[in-house]
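# What the coordinates show
Listed here are the chains, written in short residue letters.
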Amino acid sequence: MSTDGLEIRVAGVAVQIVRKDIKNLHLGVYPPNGRVRVAAPLSVRDDAVRLAVVGKLGWIKKQQAKFAAQPRQSKREMVSGESHYFLGRRYRLRVVEHQGPARLVLQDRDFFELYVRPDTDAKGRERVLQNWYREQLRRLIPPLVAKWQAILGVEAAAWGIKKMKTKWGACSTGTRRIWLNLELAKKPVQCLEYIVVHELVHLIERHHNDRFIALMDRHLPRWRQYRHELDAAPLAHSDWVY
Ligand SMILES: [Zn+2]
């Protein structure tokens, strides 16, 4: 993910332009605020990029309106009663103050019981939850990677989990390393599997071209549904910063 790049305004819409060694221009509108980003081939001139954006203005505005209409999770305070998600299921947070080490326990498939010292603030509580999500992903990902490496006949050099603001996953074809967004812990497991497949398919085909889509269609015919679920409300995160 690149955060640098030029920002232009087209008819009042801020558009971030990132130059890349790619063949086709990619235009995307991203949650939660409908940020517009264009990945443009090195050879395409700025005015051509602007023209492409103008041609897509109607579509961009429609996407932005969709994001604006989505219910947004409120800012987490990490107090009892809040809703939190794990594998697409909603849990109520129950904060239990104690003197031992911090931990999180899943209770009755309904509650996240968060054991913390009385002086642990919201940030500290959040950290316990994030670490717990990370642990769960570390347990869930290896069988998925093994399964799909065998099916696709590829092998990633390594995989990792990180917090990403605009992507569910990433694949570095040079180092053959794949990255999965920590936020995926909140989504249904099929969505996690879809991102694993998507990133591994990049080891066969780098670009989102017809060949890539044909591979996805062949191996995971319902991938569009999972992608839709990933983008659907409620948004996973309340404080994405751009
Ligand atoms: Zn991709």
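All figures in this text were calculated on a predicted structure; none of them were measured in a lab.

Parameters and conventions
- Per chain, residue numbering runs from 1 following the sequence as it is written.
- A pLDDT threshold of at least 70 governs which residues receive local features in this predicted model, and a stricter bar of 80 or more applies before side-chain atom pairs are shown or counted, although totals over entire chains, interfaces and linings include all residues.
- Side-chain numbers come from the whole structure's heavy atoms, not from hydrogens or water.
- The numbering of helices and of strands both runs from the N terminus, where a helix is a DSSP run of H or I of at least 4 residues and a strand a run of E of at least 2.
- Think of a polar contact as two N or O atoms within 3.5 Å of one another; within protein, one of them needs to be a possible hydrogen donor and the other a possible acceptor, and neighboring residues in sequence only count if both atoms come from side chains.
- When the centres of two rings from Phe, Tyr and Trp lie within 6.5 Å, Trp using its six-membered ring, the rings pair. Their planes under 30 degrees apart give stacked, over 60 give edge-to-face, and anything left gives tilted.
- Here the term buried applies to any residue with accessible area under 20% of the maximum for its type, exposed to any over 50%, and partly exposed to those in between, with areas from a 1.4 Å probe on protein chains only.
- Sitting over a ring, as applied to charges here, requires NZ of Lys or CZ of Arg to be within 6 Å of the ring centre and within 35 degrees of the ring normal.
- Coordinating donors are taken to be N, O and S atoms lying within 2.8 Å of the metal, or within 3.2 Å when the metal is Na, K or Ca; because water is excluded from the atom set, some sites may appear incomplete.
- To get an axis, a line is fitted to the C-alpha atoms, and for a helix only the part in contact is used. The angle between two axes follows their N-to-C directions and goes from 0 to 180 degrees.
- Throughout this description, any angle smaller than 35 degrees is read as roughly parallel, any larger than 145 degrees as roughly antiparallel, any in the 65 to 115 degree range as roughly perpendicular, and the remainder as oblique.
- Two helices cross in a left-handed way if the nearer one is turned anticlockwise from the farther one by less than a right angle. They cross in a right-handed way if the turn is clockwise.
- Throughout, a contact is declared for two residues whenever any of their heavy atoms are within 4.5 Å.
- Polar here means any residue outside two lists: the nonpolar Ala, Val, Leu, Ile, Met, Phe, Trp, Tyr, Cys and Pro, and the charged Asp, Glu, Lys and Arg; Gly therefore counts as polar.
- When DSSP locates at least two bridges between a pair of strands, those strands are taken to pair.
- Directions pointing from the helix axis toward each C-beta atom define the arc.

## Quick word on the side chain of Thr 120
Summarising the element assignment, Thr 120 is placed in the loop between strand E8 (111–116) and helix H3 (122–152). Polar contacts involving the side chain of Thr 120 include one to the main-chain carbonyl oxygen of Arg 117, which spans 2.8 Å.

## Let's talk about the packing of aromatic side chains
With the rule as written, the count across this model stands at 6 aromatic pairs. Ring plane angle 5° and centroid distance 4.8 Å describe the contact between Tyr 91 and Phe 112, whose orientation is recorded as stacked. Here Tyr 91 is found in strand E6 (residues 89–97), whereas its partner Phe 112 is found in strand E8, with 21 residues between them in sequence. We note that Tyr 91, like Phe 112, is buried. Judged by relative accessible area, which is 0%, Phe 112 ranks as buried. A network of ring pairs unites the aromatic residues Phe 86, Tyr 91, Phe 112, Trp 132 and Tyr 133 as a single cluster. The residue whose ring lies beneath Arg 89 is Tyr 91, and the NZ or CZ to ring-centre distance is 5.8 Å. One cation-aromatic arrangement involves Lys 162 over Trp 179; the distance from NZ or CZ to the ring centre is 4.4 Å.

## Quick notes on the coordination of the zinc ion
For the zinc ion, the full set of protein donor atoms is His 198 (NE2), His 202 (NE2) and His 208 (NE2), and the range of their distances to it is 2.0 to 2.1 Å. Between consecutive donor residues of the zinc ion, the sequence gaps follow H-x3-H-x5-H.

## Some details on the packing of helix H4 (residues 189–201) against helix H6 (residues 223–231)
Relative to each other, H4 and H6 sit at 115°, their axes nearing to 9 Å. In this view, H4 runs roughly perpendicular relative to H6, as classed from their interaxial angle. In this structure, the crossing between H4 and H6 has a hand that is left-handed. On the side of H4, the interface is formed by Gln 190, Cys 191, Tyr 194 and Ile 195, while H6 contributes Trp 223, Tyr 226, Arg 227, Glu 229 and Leu 230. Split into classes, the residues belonging to the contact of H4 with H6 amount to 6 nonpolar, 1 polar and 2 charged.

## Here we look at the sheet that holds strand E10 (residues 169–172)
On the basis of which strands lie adjacent, the open sheet formed by 3 strands has the order E9-E11-E10 and mixed pairing. Across the chains shown, the open sheet's two edge strands, defined by having one partner strand only, are strand E9 (158–162) and E10. The average angle at which neighbouring strand axes cross in this sheet is 20°, direction not considered. Relative to strand E11 (residues 177–181), E9 runs parallel, the two being bridged by 5 bridges. Looking across to E11, one finds that Trp 159 is bridged to Ile 178. H4 rests against E10 and E11 of the sheet, and its axis sits at about 155° to E11.

## Notes on unusual backbone geometry
In this structure, Arg 109 is a non-glycine residue whose phi angle is positive, near 55°. Following the sequence through the fold, Arg 109 ends up in the loop between strand E7 (103–107) and E8. Its identity is not glycine, yet Arg 176 carries a phi of approximately 55°, on the positive side. Residue position: Arg 176 is located in the loop between E10 and E11. Exposure remark for Arg 176: the relative accessible area of 31% places this residue in the partly exposed category.

## Points about the environment of Lys 147
Note that Lys 147 resides in helix H3. Taking C-alpha positions, Lys 147 is 9.7 Å from Val 197, a pair spaced 50 residues apart along the chain.

## Some thoughts on helix H5 (residues 210–219)
Among the residues of H5, Phe 212, Leu 215 and Met 216 are the ones counted as buried. Down the axis of H5, the buried set is contained in an arc of 95°. They therefore lie on one face. Exposed side of H5, more than 90 degrees from the buried face: Asp 210 and Arg 218 are the residues found there. Packing partners of the buried residues in H5 comprise H4 and H6.

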